[in-house]
Amino acid sequence: MSAAPAPEGTTPTGGPTPTGGPTPTGGPSSDPVVSLRDVEVHRGDHLVWSRGSFDIAAGSVVGVIGPNGSGKSTLLRLLLGLLEPSAGRVEVFGEPARRGNRRIGYVPQDDTAAQPESIRCRDLVALGAGGHRVGLGPFGAARREMAERVDAALAETASSAFADRRLSEVSGGQRRRVSLAQALVDDPELLLLDEPLANLDLRHQRETVELIERVAHRPRADGRVTTTLIVTHDINPLLPVLTGAVYLLDGHPHHADIGDVVDEHLLSHLYGTSVAVVRTPQGDLFTRSV
Amino acid sequence: MAGRVLASAASVLADIGYQPEWTTVMGSSFMRHALIAGTLVALVAGPIGYFVVVRRDSFAAHALAHIGFPGATAAVLLGAPVTAGLAVFCTAGGLAIGLLGRRTVDRETATGTILALSTALGILFASMASEGAAAVTDVLFGNLLAVTTSQLWTFSIMAAVVLVVLAVIARPLLFASIAPDVAAAKGVATGALGLVLMVLLALVTTMAVQVVGTLLLFALVVTPAAAALAVTARPAAAAGVSSAVALVSVWGGLVLSAVFNLPPSFPIVAIAFVVWVLATAWSRTGARRSTST
């Protein structure tokens, strides 16, 4: 089931040809949602990674994996236009990445508010819908319409029960769901999640993975599909959901189908420690450090 | 010894005791000016204070008042209007605080350093202004009863500017304050909004210093907002309650100052403090109840 780890310097490109999991694209030969060509990115003088060339097809659920400090979140910041590449081209929906692209929903890792006791869950979600607009409001019918969208997003993330409580009064897992609702309220086509499972216990990890799976395949009124990128340091809990992965190896990002990523040689090389891939009699697949 | 202490205490109490003619004082023109100025300041301090508390910028608010101190004393020294000196120094200080550091740690050290330099400059200017001792006391502790008609006009314009700008930027500013990463990704100019807030805070500080002084400004800008946020987390409601607490403090403080012959700053700050204590206590018990059920 596995290929040899991609030798350094190769940059798998082109649309993925999924071997396992659902075929992601909504229609035939749809354009890639994310496209990088020869991208190089610096933080100050420090080269984070280079030679980034890959495409991500619509409907994919892609894990962004790599050791700490390898530049996983940097990829998300590039796609959001919060960071400029020092070389190469970053395209989202066929256009250069830019700030303020409302087709993108973003759930950062430090989703906790500056002062979580100062805001209710519901208000945080409402900011995702209209927080970028100047002026007071909305009023009247627009206000009711927005309240309905906020309610729908809260319901979608199973957050309705604590919507009127302050962020400081809900658990870390619940706060994570409210942040996801904030991203969903704008009905994004590209969803960027940064470490959605960090600091969650096993039960909440499983619940969150189930929620991510639902959200990644959420029905849309316009018939388009949602594409999801998930930055994670631990690929295991997400394996049932992922169709592919971008892995940051030796300073370069590579994209591959998930079946090719779950490989002992590749993962051991990636994390710099011995990793075993285990398939249980029930067919579950997971990796562990040995 | 004890008798002498008691005697002087009695004479102090006689000085600040009940003033039977306080209704006449309330009807005087200086009290009318004080009520109007205090109302304007309370109205703008509420929503500004809300953002200051939500953004954890209360140290910046405290520092801005002190940065105004050398501006005010320099104005006394040069014979210029105190309001102008305050406005210039507070605005420059606000921009400096906003530009110096985005990270809280950087900003706290930078703000504290600017604060110390400002206070030193203020003392220097005050020592140079030989006959300005009373004016300096007014800057430090406020003198709402000395507000002039021209100051009222200035206050009105400043309050209008603050309220209009704040109404325009309120939503993106809240977004940038609560979820800065997401707001930036959504195209909100988070850095610029932070600077605008600092300039608005400088204008509010310029006004509020003349009500409660640089040393007590915190009580009018931060304390009412903290009390409001203890009671409600709805943004518009919290900003409104914050204004209401500031209004009650100013009005109540002015009445008490007339009734008991007190400098208004003390009862204004004391009322804000009592409201804050009650609101905080109420929210604590409320939170305990909701978690235990």
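So, how was this worked out
Residues numbered from 1 in each chain as written. Chains lettered and ligands numbered in written order. Predicted model: local features only at pLDDT ≥ 70, side-chain atom pairs only at ≥ 80, totals over all residues. Heavy atoms only, no water. Phe/Tyr/Trp six-rings, centres within 6.5 Å; stacked < 30°, edge-to-face > 60°. Helix = DSSP H or I, 4+ residues; strand = E, 2+ residues; numbered from the N terminus. Buried < 20%, exposed > 50% of the residue type's maximum accessible area, 1.4 Å probe, protein only. Lys NZ or Arg CZ within 6 Å of the ring centre and 35° of its normal. Domains from an automatic or database assignment. Contact = heavy atoms within 4.5 Å. Buried area = accessible area lost by both parts, 1.4 Å probe. Salt bridge = Lys/Arg side-chain N within 4 Å of Asp/Glu carboxyl O. Nonpolar A, V, L, I, M, F, W, Y, C, P; charged D, E, K, R; others polar. Pairing = 2+ DSSP bridges. Axes fitted to C-alpha atoms, helices over the stretch in contact; angles between N-to-C directions. pLDDT = per-residue confidence, 0-100.

Counting across every chain of the model gives two aromatic pairs over all chains. Consider the rings of Tyr50 of chain B and Phe51 of chain B, whose centres lie 5.3 Å apart with planes at 75°: the pair is edge-to-face. Seen from their ring centres, Phe273 of chain B and Trp276 of chain B are 6.1 Å apart, and the 40° between their planes marks the pair as tilted. Remark: Trp276 of chain B and Phe273 of chain B occur in helix α13 (residues 265–292); sequence separation between them is three residues, near one turn of the helix. For Phe273 of chain B, a relative accessible area of 48% translates into the label partly exposed. The aromatic ring of Phe93 of chain A is capped on one face by Arg103 of chain A, whose charged end is 3.9 Å from the ring centroid.

Here helix α7 (residues 264–271) of chain A has its buried residues at Leu266, Leu267, Ser268 and Leu270 of chain A. Looking one or two residues past α7 of chain A, Gly272 of chain A carries a phi angle of roughly 70°, positive in sign.

On to the domain arrangement of chain A. Residues and elements named next belong to chain A. Along its sequence, chain A is organised into domain 1 (1–103 + 189–290) and domain 2 (116–187). Between domain 1 and domain 2, the residue contacts involve 16 residues of the former and 15 residues of the latter. Around 1200 Å² of area is buried between domain 1 and domain 2 when both sides are counted, 47% of it from carbon and sulfur atoms. Considering only the surface of domain 1 that becomes buried against domain 2, Arg102, Leu211 and Arg218 emerge as the three largest contributors, covering 47% of it. Where domain 1 packs against domain 2, one counts four salt bridges. The residue Arg218 makes a salt bridge to Asp187 at a minimum N-O spacing of 2.9 Å. Examining the composition of the side of domain 1 that touches domain 2, we find that four residues originate from one element, helix α5 (residues 202–216), more than from any other. Counted by class, the side of domain 1 that touches domain 2 contains eight nonpolar, one polar and seven charged residues.

Further remarks concern the sheet that holds strand β4 (residues 87–92) of chain A. Residues and elements named next belong to chain A. Pairing is antiparallel in the open sheet, where four strands are placed in the order β2-β1-β4-β5. The sheet is open, and its two borders are formed by β2 (46–56) and β5 (95–96), each paired with just one other strand. Both strand β1 (residues 34–43) and β4 contribute to a ladder of five bridges, which runs antiparallel. Bridge assignment links Val34 to a residue of β4, and that residue is Val92. Against the sheet, helix α1 (residues 72–79) engages β1, β2 and β4, with an angle of about 115° to β1.

Before going further, it helps to spend a moment on the pattern of salt bridges. Residues and elements named next belong to chain A. Within the structure shown, the criterion is met by 18 salt bridges over all chains. For Arg203, the salt bridge identified is with Glu207, shortest N-O distance 2.8 Å. Here Arg203 pairs with Glu207, and both are found in helix α5, just four residues apart, close to one helical turn. By relative accessible area, Glu207 is classed as partly exposed at 28%.

Moving on to the confidence of the model for chain B. All names here are of chain B. Summarising the model, chain B shows a mean pLDDT of 87, and 93% of its residues fall at 70 or more. The secondary-structure element of chain B with the lowest mean pLDDT is helix α1 (residues 2–15), recorded at 72, while helix α11 (residues 223–231) shows the highest, at 95. Across the interface, the model reports ipTM at 0.85; the global pTM reads 0.86.

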